[in-house]
Amino acid sequence: MNKVATRWLIVAPCSFVLGALFAWWNVPAAWILAAIIVSGAMALISGKELPLNEGFYRFGRGIIGMLAALPLVGVPLGVLGGYLIPGLLVSVVTLGIGIGGGLLLASREKTVSPETGILSMLAGGSSIMPVLAREVGADFRFVALAQYLRLLVVSLSLPLITALFSTPSSGSAATGSNQVWYLMIAIALIAFFGEKIGRLVRLPVPSVLGPLLITVGVSLLLPDGFTLTPPDLFRILAFLAIGWMCGGALSMPALKAFGRQLPATVTFIVVIIGACALTAWPLTHWLDISYFEAYLATSPGALETVLALSSEGGAGPVVVAIQLIRLLAVLLIAGWLPQLIRLITRRRDKD
């Protein structure tokens, strides 16, 4: 048995155990954080990168793309269209802060590229950002650490802050969905081959947008009550794949670089939370909604926590609609990031 296989025999079961404990303790992004911690510890102790099987990683990032697509399926186009303008304005604020903060970070730290800085600061889609970072040649380790620090802070603060606001109603009951064997096969095929189809049609970031768009298209054809929601095992494996990819590539220089930028990263998190809270205020008058709904709609990430609190508090469709409009804007910006950075640098050179 080679040394890589021996390390995986330690990392895989330890990641499952720690992930289960984190999930039991309701830690945000439990499985991804567990995988980062265990694989990162192994990489740092051994002094060698922990290679991840490419087929397994392709399946994992495909599932992540599918998970990003599912909230889109449940929102009618008419609802999304009605919230398009306020959603785009919210997106402009958060994207502007993210891009500006990322470029500022890159200018302060020579080891941080503009792509790395921007992707580490973009709010929303934290599980997708490390995948996008790897696609565009950014430092996905730095991006993952920054993104999950923001996710942790936002997820922990959301229940505490929103508890101070009055809610529209007592909440709504969750509805179930049917899962049958052929849908499980369809989910696996979309996750594994969605990237190849995305490359054929020349999508930006095909590893994410390929499975995402296929999921939306196929879901619209399914009968009521049937969804392409991946089973828990698929979701756990996908989250572990992303965590192992990030943690397995950790090194002391990478941690030191992140440590040097930790004050700036924490400052950015505070700024983005404050900016989104301020953005939520005019939405209450513009859309005639409660501040509880507006705050959740503009929250910088932690979508699963947002949706859970939204359901509990009986929030209207505005929360899902604005969050999804911003998620799509983030994906589009991230997908065209190399071209965007070239455009910015050209303008700087001309000035």
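Residues numbered from 1 in each chain as written. Predicted model: local features only at pLDDT ≥ 70, side-chain atom pairs only at ≥ 80, totals over all residues. Heavy atoms only, no water.

A. Seen up close, the environment of Gly 243. Its location among the elements puts Gly 243 in helix 11 (residues 232-247). In sequence terms Gly 243 and Ser 127 are 116 residues apart; their C-alpha atoms lie 9.1 Å from each other. Once you skip the residues sitting within four places of it in the chain, Gly 243 turns out to touch Ile 32, Ala 35, Ile 36, Ser 39 and Gly 248. (Helix = DSSP H or I, 4+ residues; strand = E, 2+ residues; numbered from the N terminus. Contact = heavy atoms within 4.5 Å.)

B. The arrangement of the pattern of salt bridges in detail. For the coordinates displayed, the defined rule picks out 5 salt bridges. The salt bridge partner of Asp 139 is Arg 141, with a shortest N-O separation of 3.0 Å. Residue classification places Asp 139 among the partly exposed positions, given a relative accessible area of 23%. The class of Arg 141 is partly exposed, set by a relative accessible area of 22%. Taking the shortest distance from any N to any O, the salt bridge between Arg 235 and Asp 232 comes out at 3.7 Å. In this pair, Arg 235 and Asp 232 are both assigned in helix 11, 3 residues apart and thus about one turn of the helix distant. Residues joined in a network through salt bridges with shared partners are Glu 54, Arg 61, Glu 195 and Arg 199. (Salt bridge = Lys/Arg side-chain N within 4 Å of Asp/Glu carboxyl O. Buried < 20%, exposed > 50% of the residue type's maximum accessible area, 1.4 Å probe, protein only.)

C. Structural detail: helix 9 (residues 181-200). Taking 1.5 Å as the rise per residue, helix 9 with 20 residues should run 28 Å; its terminal C-alpha atoms sit 28 Å apart, in good agreement. Along its length, helix 9 reaches its greatest deviation from straightness, about 50°, at Phe 193. For helix 9, the full list of buried residues reads Leu 183, Ile 187, Ile 190, Ala 191, Gly 194, Glu 195 and Gly 198. Where helix 9 is buried, its residues contact helix 3 (54-73), helix 7 (129-135), helix 10 (206-221) and helix 11. After helix 9 finishes, the residue Arg 202 shows a positive phi value of roughly 60°. (Expected span 1.5 Å × (residues − 1). Bend = angle between axes of the 7 residues up to and from the residue.)

D. A look at the confidence of the model for the protein chain. Averaged over the protein chain, the pLDDT score is 82; the fraction of residues at 70 or greater is 90%. Contacts from residues 170-176, a stretch scored under 50 in pLDDT, to residues over four places away or in other chains number 6 contacts. (pLDDT = per-residue confidence, 0-100.)

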